[in-house]
Amino acid sequence: MFHRTILTAAATVVAMAGGALGQTSVPFALDWKFEGPAAPYFTAIDEGYFAEAGLEVEITAGSGSLDAIPKVATGAFPIGFADINSLIRFLDQNPGAPVTAVMMIYDAPPFAIVGRKSLGVEMPKDLEGKVLGAPPPDGAWAQFPIFAAENDLDVDAITVEPVGFPTREPMLAEGNVAAVTGYNFSSFLNTKRLGVPEDDISVIMFSDYGVDLYGNAVIVNTDFAAENPDVVKAFLVAVGKGWADAVADPAAVIPSLMERNPAADAELETERLALTIDGNVLTDYVMENGLGGIDMARLESAVAQIGTVYEFQNEPDVSLYFTDEYLPEEPVMLK
């Protein structure tokens, strides 16, 4: 059981110059490095969307889509960004941990197998007899058992090579592995950047092969949220504005990213963000209903699918995994 910790430090109001207003400090834990998909959050800072809401947000990079979950659950960060499917398992293994999802960003999950056609990987069954590189903290690897079960893969016929995130795509480019688990918008572009011809790269999306899951969401420490509901609501409003800017013009938000990561390739990160928007954010559901919410029936279906390959220690309860009570009153419509 996780000790319930209220982040009083993160809710401290710091007087601004002039004393008329106050700023609430809100540390935000990302899932990954400062790449294209992080640009909307930096844009929310640079365009003053957080400041308008009285928030001072500091964004910290992560080391994988599971990374932010324990950070938020233990109270190290009040708000983070993480894979909801990993959150579901985490809550099963840590009953009562004070963490839940409050805003769905990747309505379509980015989980994928990225392979080399020249090494014989184009379809799920092609993985049998091949070497698959998989970083242990990777969100796609966490959901691989579902993908394998849905496609009747003989997992004993697949050699899984644990790899680090920095070596994942280089090993694929060098032919040391035939495929890797990863996110569609990251592993594909990283492999192409290493000189592998685009027509030699296969992207096998889990969502195209029977996996009915959601992707990454904004998560909160529920103790913090209960004590600071207006802070969480204001944070999500600003996030929605940042993503609306990104959808309207992906290239326009990349300068905010480059300011924090000047070593990045602006053209590459623009393409990465555009792939994220088209493949994971701007779905038919989001176009109709706005960004952030979910279909509870679909979440229940996803939990049932998780249960086909994962033995729940406790009875699943979808109300623990997501709440819409902090979402903006006006839907965040993207176009």
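Residues numbered from 1 in each chain as written. Predicted model: local features only at pLDDT ≥ 70, side-chain atom pairs only at ≥ 80, totals over all residues. Heavy atoms only, no water.

K.L.:
Could you clarify how one ought to interpret the sheet that holds strand β8 (residues 159-162) in this entry?
P.N.:
Pairing between sheet strands relies on hydrogen bonds along the backbone, with the strands arranged either parallel or antiparallel. On the basis of which strands lie adjacent, the open sheet formed by five strands has the order β8-β7-β9-β6-β10 and mixed pairing. Two strands close off the open sheet at either side, each with one partner strand: β8 and β10 (201-205). Between one strand and the next, the sheet's axes are offset by a mean angle of 30°, whatever the strand orientation. Sheet analysis places strand β6 (residues 111-116) next to β10, joined by five bridges and oriented antiparallel. Among the inter-strand pairings, Arg116 is bridged to a residue of β10, identified as Ile201. Of the strands in this sheet, β6, β9 (179-183) and β10 touch helix α8 (residues 184-193), which is tilted by about 130° from β9. (Pairing = 2+ DSSP bridges. Helix = DSSP H or I, 4+ residues; strand = E, 2+ residues; numbered from the N terminus. Axes fitted to C-alpha atoms, helices over the stretch in contact; angles between N-to-C directions. Contact = heavy atoms within 4.5 Å.)

K.L.:
Sorry, what's going on with unusual backbone geometry here?
P.N.:
Glycine aside, the phi torsion of most residues is negative, and most peptide linkages are trans. Non-glycine residue Asp152 carries a positive phi angle of around 55°. Looking at the element boundaries, Asp152 is found in the loop between α6 (144-150) and β8.

K.L.:
Sorry if this is basic, but what is going on with helix α7 (residues 165-174) here?
P.N.:
Along an α-helix, residues three or four positions apart point the same way, because every turn accommodates 3.6 residues. Among all positions of α7, only Phe165, Arg168, Glu169, Met171 and Leu172 are buried. Considered in projection along α7, the buried side chains sweep an arc of 155° and stay on one side of the axis. Opposite the packed face of α7, turned more than 90 degrees from it, sit the exposed residues Pro166 and Glu174. Residues of α7 that are buried sit in contact with β6, β8, β9 and α8. (Buried < 20%, exposed > 50% of the residue type's maximum accessible area, 1.4 Å probe, protein only. Arc of directions from axis to C-beta.)

K.L.:
For this particular structure, what's the right way to read the nonpolar core?
P.N.:
Soluble globular proteins: nonpolar side chains tend toward being buried together. In this structure, Ile105, Leu127, Phe144, Phe235, Trp243 and Leu299 are the most contacted members of the largest nonpolar core, which totals 97 residues. When residues in this core are grouped by element, the largest group, 10 residues, is from helix α10 (residues 229-248). With residues up to four places along the chain from it excluded, the contact list for Trp243 reads Pro37, Pro40, Tyr41, Ile105, Tyr106, Leu273, Thr276, Ile277, Val281, Leu291 and Leu334. Core analysis: the next-biggest nonpolar cluster, separate from the first, contains 11 residues, Val163, Met171, Val196 and Leu268 among them. (Core = buried A, V, L, I, M, F, W, Y, C linked by side-chain atoms within 4.5 Å.)

K.L.:
Quick question: what am I supposed to make of α10 here?
P.N.:
Taking 1.5 Å of rise per residue, 20 residues should cover 28 Å, and α10 covers 29 Å from first to last C-alpha, within 8% of that figure. Here α10 has its buried residues at Val231, Val232, Ala234, Phe235, Leu236, Ala238, Val239, Gly240, Gly242, Trp243, Ala246 and Val247. (Expected span 1.5 Å × (residues − 1).)

K.L.:
Got a minute to help me understand the packing of helix α4 (residues 84-93) against helix α14 (residues 296-306) in this structure?
P.N.:
Helices that pack against each other are described as a pair by the angle of their axes relative to one another and the distance between those axes. Their axes nearest at 11 Å, the elements α4 and α14 cross at an angle of 65°. Crossing handedness for the pair α4 and α14: right-handed. Contacts between α4 and α14 involve Ile84, Asn85, Ile88 and Arg89 from the first element and Leu299, Val303 and Ile306 from the second. Taken together, the residues of the contact of α4 with α14 break down into five nonpolar, one polar and one charged. (Left-handed = near helix turned anticlockwise from the far one by under 90°. Nonpolar A, V, L, I, M, F, W, Y, C, P; charged D, E, K, R; others polar.)

Bear in mind that shape data such as this cannot, by itself, settle questions of function.
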